[in-house]
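If you want the building blocks of each chain, they are given just below.
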Amino acid sequence: MNVIAYAARAYESDAFDRFADELGITLTRVPQNLSLDNAHLAKGFEGVTILSACDAGAPVLEILAAGGTRFVAARTAGYNNIDAAAARRLGIRFSNADYSPNSVADFAVMLILMSIRKAKTIIARNNAQDYTIVGAQGREMRNLTIGIVGTGRIGAATAKNLSGFDACLIGYDVVPNPALKELVTYVPFEELLAESDVISLHAPLTATTRHLINADTIRKMKDGAIVVNCARGELIDTEALIEAIEEKKISAAALDVLENERGIFHADHRDEILKHRQLAILRAFPNVVVTTHNAFFTDQAVCDMVEVGLRSLASFVRTGASPWEIKA
């Protein structure tokens, strides 16, 4: 099988070599993200694998289909960059990737701890040789109620991590996870908003979850709540979040993902002026931590992502289906 891998990063090389050899795949690597400018490179390739920064909108998929591509495998859990309706119309089957949920779950706990212990303030003072502690008093996890929105694999792993801190854990999901019945008390979404000291987002991005955190839902939160997002940037209405931070309704936020991050995160912009005012504002707040979509980035998760992406394409060709195919 011939496969072209877009956004092939150096840190994926060992995994690409290992699993391409194991699966009998002839692999061509393109370091650039898939786009209208380079989609023609996939001509003659039955399978394509991409990352979330790639453009898999309808115009790009039409070029892929015209060139003979039948299968697209995202090496990420998120697949909102793929125009699902266009893919189905063009006869392109597509899949996403399962990877170690602990990568994101561990990162989420780190961001929660950084937020409640005011780590950004402490680090900034240390960098300026200001070693005072007034104003940097934190809170203890065991005294907090933490609301987990979305309790799939990553949300469940986050809950298990947090259980060791003796925090009160409440959760919301359309389908409660029976494996968490001893750890998490499920409540309606509005109750979670009202009761949580910390809200950690782990829901997928869908039409119903886009801007799940907005001006209305923020008003229903406890005063001084903390919001942590390691899922998708579009779950939060960023303008509403900024306003709530300015009004001190939200006391802190930690964001590994952000609306309109594509083209900014995972690239070096040191010599550029970025056209992302929201990012500039958020970075300026002393009580907001912004990381650049790093939560997934562990050795185990990267290996998993490459393996699942390539195995998915091999399964499509050999059996006509993949265990990771997106059926919705």
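Residues numbered from 1 in each chain as written. Predicted model: local features only at pLDDT ≥ 70, side-chain atom pairs only at ≥ 80, totals over all residues. Heavy atoms only, no water.

Under the annotation held in an unreviewed UniProt entry, the protein chain carries the name D-isomer specific 2-hydroxyacid dehydrogenase family protein and is attributed to Rhodoplanes azumiensis.

Engineer: Please explain the overall build of the protein chain as it appears in this structure.
Structural biologist: Check the secondary structure of the protein chain and you find eleven helices and twelve strands. Taking 20 Å as the expected radius of gyration for a compact globule of 328 residues, we find that the protein chain reaches 21 Å, a close match to that expectation. Overall, the protein chain is about 65 × 50 × 35 Å in size when its C-alpha atoms are taken along their principal axes. Put simply, 69% of the contacts in the protein chain that link residues at least 6 apart link residues at least 24 apart. With the model as given, the accessible surface of the protein chain reaches about 15,700 Å², and the carbon-plus-sulfur share is 52%. A distance of 1 Å separates the average location of the 33 positive side-chain charges in the protein chain from that of its 39 negative side-chain charges. (Helix = DSSP H or I, 4+ residues; strand = E, 2+ residues; numbered from the N terminus. Rg over C-alpha atoms; globule rule 2.2 N^0.38 Å. Contact = heavy atoms within 4.5 Å. Areas by Shrake-Rupley, 256 points an atom, 1.4 Å probe, with all protein chains shown as cover. Lys, Arg positive; Asp, Glu negative; His and termini not counted. Charge placed at Lys NZ, Arg CZ, Asp CG, Glu CD.)

Engineer: How do you make sense of the sheet that holds strand E12 (residues 288–290) when you look at a structure like this?
Structural biologist: The strands making up a sheet associate through hydrogen bonds between their backbones, and the pairing can be parallel or antiparallel. Across the sheet, seven strands lie side by side as E8-E7-E6-E9-E10-E11-E12; this open sheet has parallel pairing. The open sheet has two free edges, formed respectively by strand E8 (185–186) and E12, since each of these has just one partner strand. Sheet topology places strand E6 (residues 145–149) next to strand E9 (residues 198–201); four bridges connect them, and they run parallel. Residue pairing across strands places Val 149 opposite Leu 201, the latter belonging to E9. (Pairing = 2+ DSSP bridges.)

Engineer: Would you mind showing me how to read the nonpolar core here?
Structural biologist: What tends to happen in soluble globular proteins is that the nonpolar side chains get buried as a cluster. Core analysis: the biggest nonpolar cluster contains 55 residues, and Tyr 6, Leu 34, Ile 50, Leu 64, Val 72, Leu 162 and Val 198 have the highest contact counts within it. Broken down by element, the residue count for this core peaks at seven residues, all from helix H4 (residues 101–116). The next biggest cluster of nonpolar side chains, apart from the first, holds 34 residues, and it includes Val 187, Ala 231, Ala 240 and Ile 242. (Core = buried A, V, L, I, M, F, W, Y, C linked by side-chain atoms within 4.5 Å. Buried < 20%, exposed > 50% of the residue type's maximum accessible area, 1.4 Å probe, protein only.)

Engineer: What am I meant to see in the environment of Val 257 here?
Structural biologist: One can find Val 257 in the loop between strand E11 (250–255) and helix H10 (277–284). Through-space distance from the C-alpha of Val 257 to that of Glu 234 is 8.4 Å; in sequence the pair is 23 residues apart.

Engineer: How do you make sense of the sheet that holds strand E2 (residues 26–30) when you look at a structure like this?
Structural biologist: Taking strand neighbours across the sheet as the criterion, the five strands line up as E2-E1-E3-E4-E5 in an open arrangement whose pairing is parallel. This sheet does not close on itself; its edge strands, each paired only once, are E2 and strand E5 (93–95). Going across the sheet, the axis of each strand differs from the next one's by a mean of 20°, ignoring polarity. The pairing of strand E1 (residues 2–6) with strand E3 (residues 47–50) spans three bridges and is classified as parallel. (Axes fitted to C-alpha atoms, helices over the stretch in contact; angles between N-to-C directions.)

Engineer: Could you clarify how one ought to interpret H10 in this entry?
Structural biologist: Every α-helical turn comprises 3.6 residues, leaving residues that sit three or four positions apart pointing alike. Along H10, the residues classified as buried are Gln 278, Leu 279 and Leu 282. Buried residues of H10, seen end-on, are gathered within an arc of 100° and therefore sit on one face of the element. In H10, the exposed residues that point more than 90 degrees away from the buried face are Arg 277 and Ala 284. The inward-facing, buried residues of H10 contact helix H5 (119–127), helix H9 (238–246), E11 and E12. (Arc of directions from axis to C-beta.)

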